[in-house]
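Each chain, written out:
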Amino acid sequence: MLTGILEGKIAIVTGAGRGIGKAAALSLARAGAVVAVNYNHSADQAQAVVNEIVNNGGRAKAWQCDVSSFDDCGAFFSDVIKEFGRLDILVNNAGVTRDGLLMRMTEADYDLVMDVNLKGTFHGIRHAARQMVKQKYGRIINISSVVGITGNGGQANYAASKAGIIGLTKSAAKELGSRGITVNTVAPGFIETEMTAVLPEEQKSKLASQIPLGRFGQPEDVAAAIVFLASEYGAYITGQVLQVDGGMVM
Ligand code: NAP
């Protein structure tokens, strides 16, 4: 990771206590950013991420917020801006799955996945944009999935939420580009985290055979793309979907 390329930048990463969000928070901090580490339930894990950043000479603080609540997100973003003075980078990473076949999918499982994944991303953009427009600077990175491009049997709710993130990203990129704000999507393929650990071995080996690079992704693979888009190296990129999937979908 290029150290110092995000020196002085202030970042929020949602769902940063574990998985991809944790790797993103650590990588952004290693690149020099001050990080607001958001969690919903994983308080201890989020504090451990903060401790790791601070022990390595960085600055970070943990914040509880359920991203599916518009008002809670508003209060959280205000607190971060009050504490750190500005907001340069937002990584809308928090996400959940409630897999099941369409014919049996409950309304509650559909709603929860849409509320956290898609509406949560809207909340983040909505609350960050106000500050970023004032600054005439911002980098918003939304985490979708290759499933949002291909669809996936058993994941209609999840795929709909992730496809929605792509449309939301492109619309926000068009609205906010003239204000110096880029908005992009990172679409991971199969990344080894708690989210994918629950999948049956048979399904995993079938998926592995579809990856040209011959391995599952690691959270750090996704974090590298996030740091790139957050940095000046990504300054002229907006409205794009960057797949980090080892070539699984092309
Ligand atoms: P994970 O290990 O299951 O972690 C999910 C994270 O989301 C946790 O930090 C969790 O926080 C947070 N979260 C869930 N609901 C939340 C809420 N209401 N408010 C705030 N935070 C919430 O998943 P992951 O694999 O790291 O996935 C991270 C993102 O990448 C998700 O958007 C996922 O859809 C996407 N993605 C993952 C893969 C993959 O293969 N792993 C592939 C494509 C896309 P708490 O623990 O604090 O509740």
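Structure: see above.
Rules behind the numbers
Residues numbered from 1 in each chain as written. Predicted model: local features only at pLDDT ≥ 70, side-chain atom pairs only at ≥ 80, totals over all residues. Heavy atoms only, no water. Near = heavy atom within 4 Å. Polar contact = N/O pair within 3.5 Å; in protein donor to acceptor, adjacent residues only side chain to side chain. Helix = DSSP H or I, 4+ residues; strand = E, 2+ residues; numbered from the N terminus. Nonpolar A, V, L, I, M, F, W, Y, C, P; charged D, E, K, R; others polar. Buried < 20%, exposed > 50% of the residue type's maximum accessible area, 1.4 Å probe, protein only. Pairing = 2+ DSSP bridges. Phe/Tyr/Trp six-rings, centres within 6.5 Å; stacked < 30°, edge-to-face > 60°. Lys NZ or Arg CZ within 6 Å of the ring centre and 35° of its normal. Axes fitted to C-alpha atoms, helices over the stretch in contact; angles between N-to-C directions. Parallel < 35°, antiparallel > 145°, perpendicular 65-115°, else oblique. Left-handed = near helix turned anticlockwise from the far one by under 90°. Contact = heavy atoms within 4.5 Å. Expected span 1.5 Å × (residues − 1). Salt bridge = Lys/Arg side-chain N within 4 Å of Asp/Glu carboxyl O.

**Student:** Give a detailed account of the site of the ligand, specifying residues and quantitative values.
**Tutor:** The environment of the ligand is made up of 30 residues, and the closest members are R18, S42, N93, Y158 and T193. A distance of 2.5 Å is found between an oxygen atom of the ligand and a side-chain nitrogen or oxygen belonging to S42. Between G189 and the ligand, the recorded distance is 3.3 Å, taken from a backbone N or O atom to an oxygen atom. Those elements that provide at least two residues to the shell around the ligand are helix 1 (19-30), strand 2 (34-39), helix 6 (156-176) and helix 7 (194-197). It is helix 7 that provides the largest number of residues to the shell around the ligand, a total of three residues. Within the shell around the ligand, the residues separate by chemical class into 13 nonpolar, 13 polar and four charged.

**Student:** Describe unusual backbone geometry, with residues and values.
**Tutor:** Where the residue is not glycine, phi is negative for most of them; where a peptide bond is considered, it is trans in most cases. The backbone of K136 shows a phi angle near 55°, a positive value even though the residue is not glycine. Its relative accessible area of 63% is what places K136 among the exposed residues.

**Student:** Talk me through the pairing of strand 1 (residues 10-13); I want residue IDs and the actual numbers.
**Tutor:** Strand residues, when the strand is regular, have side chains that alternate between the two faces of the sheet. Neither face of strand 1 is left uncovered, since the one carrying I10 and I12 and the one carrying A11 and V13 both have all their residues buried. Relative to strand 2, strand 1 is paired through four bridges, and the arrangement is parallel. If you follow I10 over to strand 2, its bridge partner there is V34. Strand direction decides the pairing type here: strand 1 and strand 4 (residues 89-92), joined by three bridges, are parallel. By the bridge assignment, I12 is partnered in strand 4 with L90.

**Student:** Explain the packing of aromatic side chains to me, using residue names and the numbers behind them.
**Tutor:** Enumeration according to the criterion identifies four aromatic pairs in this entry. When the ring of F76 is compared with that of F77, the centres are 5.3 Å apart and the planes differ by 85°; the resulting orientation is edge-to-face. According to the relative accessible area criterion, F76 is buried, its value standing at 3%. According to the relative accessible area criterion, F77 is buried, its value standing at 2%. Positioned over the ring face of Y137 is K9, at 4.4 Å from the centre of the ring.

**Student:** Now, about the packing of helix 4 (residues 107-135) against helix 6: what can you tell me, with residues and values included?
**Tutor:** In the contact formed by helix 4 and helix 6, the axes pass within 9 Å of each other and the chain directions differ by 15°. By the angle class used here, helix 4 and helix 6 are roughly parallel. Between helix 4 and helix 6 the crossing geometry is right-handed. Only N157, Y158, A160, S161, K162, G164, I165, L168, A172 and L176 of helix 6 make contact with helix 4, whose side of the interface consists of D109, Y110, V113, M114, N117, L118, T121, F122, I125, A129 and V133. Partitioned by chemical class, the residues of the contact of helix 4 with helix 6 number 14 nonpolar, five polar and two charged.

**Student:** Lay out helix 1 with the relevant residues and their values.
**Tutor:** For helix 1, with twelve residues, the first-to-last C-alpha span of 17 Å sits near the 16 Å given by 1.5 Å per residue. For helix 1, the full list of buried residues reads I20, G21, A23, A24, A25, L26, S27, L28 and A29. Positive backbone phi, approximately 115°, marks G32, located one or two places after helix 1.

**Student:** Can you lay out the pattern of salt bridges for me, pointing to particular residues and giving the numbers?
**Tutor:** Counting across every chain of the model gives six salt bridges. For the salt bridge of E232 with R139, the shortest nitrogen-to-oxygen distance reads 3.1 Å. Here R139 lies in strand 5 (residues 138-143) and E232 lies in the loop between helix 9 (219-230) and strand 7 (241-244), a separation of 93 residues in the sequence. With a relative accessible area of 3%, R139 lands in the buried category. For D221, the salt bridge goes to R215, with nearest N and O atoms at 2.9 Å.

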